[in-house]
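Each chain is listed here by its residues.
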Amino acid sequence: MLKIVVCVKAVPDPKEAHKIKIDPVTKTLMRSDVPLVLNLMDKNAMEAALQLKEQLDAHITVLSMGPPPAGNIVKECLALGADHGYLLTDQAFGGADAFATAYTLAKGIEQIGEYDVVFCGMASSDGSTEWVGPQIATFLKIPVVTRVKELVEFGDRWWKVKAGMENGYRLVQVKLPAVLTVSRELNTPRTLSFSGIIKARKKEIAEWGINQLGLLEETVGQKGSPTIVSNLDSIASRRTVEIISGTREEKAEQLVKKLADAGVI
Ligand SMILES: Cc1cc2nc3c(=O)[nH]c(=O)nc-3n(C[C@H](O)[C@H](O)[C@H](O)COP(=O)(O)OP(=O)(O)OC[C@H]3O[C@@H](n4cnc5c(N)ncnc54)[C@H](O)[C@@H]3O)c2cc1C
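Note that this is a predicted model, so its numbers are computed, not measured.

A word on the site of the ligand
Neighbouring the ligand are 27 residues, the closest being Lys9, Asp42, Ala96, Ser124 and Thr129. One of the side-chain nitrogen or oxygen atoms of asparagine 39 is found 3.2 Å away from an oxygen atom of the ligand. Elements that contribute at least two residues to the shell around the ligand include exactly β6 (58–65), α3 (98–112) and β8 (117–121). For the shell around the ligand, the per-class residue count stands at 13 nonpolar, nine polar and five charged.

Structure below.
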């Protein structure tokens, strides 16, 4: 049976992102008023795992690192059809950058045990560094393919996948176990079903903190982060509207002149 791990991130609901503010003192994002939702590309990662479960018979484990409310997105993935869910949650994990996040998730995956493929979204909708997937692979010392947009062929201990790149794609044959970060082109995620929600009620979410993972404080969270966001500023957008009048030719001429004066062309 194929053993799949899907890493899913709880992100501030993009539809309510306007409510996110910057704490003037700590210079960190204040997002407690914004509900957490399942990261968009992680829905594609979940869908890929569910389709493999239908095609090849697979066991799906969902893993998330986040504050206790992130448990809801793990529950959502269980309702979609995942078999087991784990939430890595601990004050000590707070303020983690991509490096510390990937390290903690890699330790969580090692603790889960056997895995053949680890699916991640290509990027989150908030930090969007695209670094977590590749860094998990580095910590687990396994290969990674990023921007996967098609699963082409399944060999015994290798897969062939199509991965996006500028103006084209790469056809990559990768040895398992491996990390695959997926793009939105890979599939169309299914929506939650009522029966799935009912079934998920019986499925437990195991919560692991720093002690259960046996990690040192200085290796996780802000203490374990080599990068610190020293300042965060919001840029006030200055949009002005100007109506250009005259004949079509006159309007075109004026527009070209204004764009040239503004140094745009
Ligand atoms: C505006 C902003 C700028 C930032 N800039 C930086 C920076 O320059 N350098 C830096 O190191 N950190 C930065 N961070 C912090 C970084 O976003 C967080 O550490 C974050 O948890 C991980 O990075 P990401 O969201 O960019 O991950 P990405 O690499 O974009 O996420 C890709 C995938 O990794 C998996 N994943 C990511 N986080 C989790 C999680 N918590 N649980 C489970 N799966 C997960 C998901 O599958 C996700 O789709 C920034 C955060 C913000 C909000």
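Some remarks on the sheet that holds strand β9 (residues 144–154)
Strand order in this open sheet of nine strands is β11-β10-β9-β12-β8-β1-β6-β7-β13, and the pairing throughout is mixed. At either end of the open sheet lies a strand with only one pairing partner, and these are β11 (168–175) and β13 (205–208). Taking each pair of neighbouring strands and ignoring which way they run, the sheet shows an average axis angle of 35°. Where strand β1 (residues 2–7) and β8 come together, three bridges link them in parallel fashion. Of the residues in β8, the one forming a bridge with valine 5 is valine 118. Seen against the sheet, helix α4 (residues 132–140) touches β1, β8, β9 and β12 (178–182) and runs at an angle of roughly 180° to β12.

Quick look at the layout of surface pockets
Space inside the second largest pocket adds up to approximately 150 Å³. Residue lining of the second largest pocket: Val11, Asp13, Pro14, Lys15, Val37, Leu38, Asn39, Leu40, Lys43, Glu76 and Ser125, and that is the complete set. Contributions of two or more residues to the lining of the second largest pocket are made by β5 (36–38) and α1 (40–56).

Things to note about the environment of alanine 45
Assignment of secondary structure puts alanine 45 in helix α1. By relative accessible area, which is 0% here, alanine 45 ends up buried. Sequence separation between alanine 45 and glycine 121 is 76 residues; the distance between their C-alpha atoms is 5.8 Å.

Thoughts on the nonpolar core
Formed by 39 residues in total, the largest nonpolar core has its most connected members in Ile4, Val6, Phe119, Trp159 and Leu180. Broken down by secondary-structure element, the contributors of at least two residues to this core are β1, α1, β6, α2 (71–80), β8, β9, β10 (158–165) and β12. Among all residues touching phenylalanine 119, those that are not within four sequence positions of it are Ile4, Val5, Val6, Cys7, Ala45, Ala48, Ala49, Leu52, Leu151, Trp159, Leu180 and Val182. One finds Val5, Leu105, Ala137 and Val179 within the second-largest nonpolar core, a separate group that totals 26 residues.

Description of the pairing of strand β7 (residues 84–88)
Counting buried positions over the five residues of β7 gives four, a clear majority of the element. As defined by bridge partners, β6 adjoins β7 across five bridges and the pair is classed as parallel. Paired with methionine 65 across the strands is leucine 88, a residue of β7. In this view, the connection linking β6 to its parallel neighbour β7 by way of α2 has right-handed handedness. Inspection of the sheet shows β7 paired to β13 by four bridges, in the parallel sense. When the bridges of β13 are listed, tyrosine 86 appears paired with alanine 206.

Cut-offs applied
- Residues numbered from 1 in each chain as written.
- Predicted model: local features only at pLDDT ≥ 70, side-chain atom pairs only at ≥ 80, totals over all residues.
- Heavy atoms only, no water.
- Near = heavy atom within 4 Å.
- Polar contact = N/O pair within 3.5 Å; in protein donor to acceptor, adjacent residues only side chain to side chain.
- Helix = DSSP H or I, 4+ residues; strand = E, 2+ residues; numbered from the N terminus.
- Nonpolar A, V, L, I, M, F, W, Y, C, P; charged D, E, K, R; others polar.
- Pairing = 2+ DSSP bridges.
- Axes fitted to C-alpha atoms, helices over the stretch in contact; angles between N-to-C directions.
- Contact = heavy atoms within 4.5 Å.
- 1 Å grid on protein atoms, 1.4 Å probe; cavity = no way out; pocket = protein on both sides within 12 Å on 5 of 7 lines; lining within 4 Å.
- Points joined across faces, edges and corners; volume = space filled by probe spheres on them.
- Buried < 20%, exposed > 50% of the residue type's maximum accessible area, 1.4 Å probe, protein only.
- Core = buried A, V, L, I, M, F, W, Y, C linked by side-chain atoms within 4.5 Å.
- Right-handed = clockwise from strand over helix to strand, strands pointing away.

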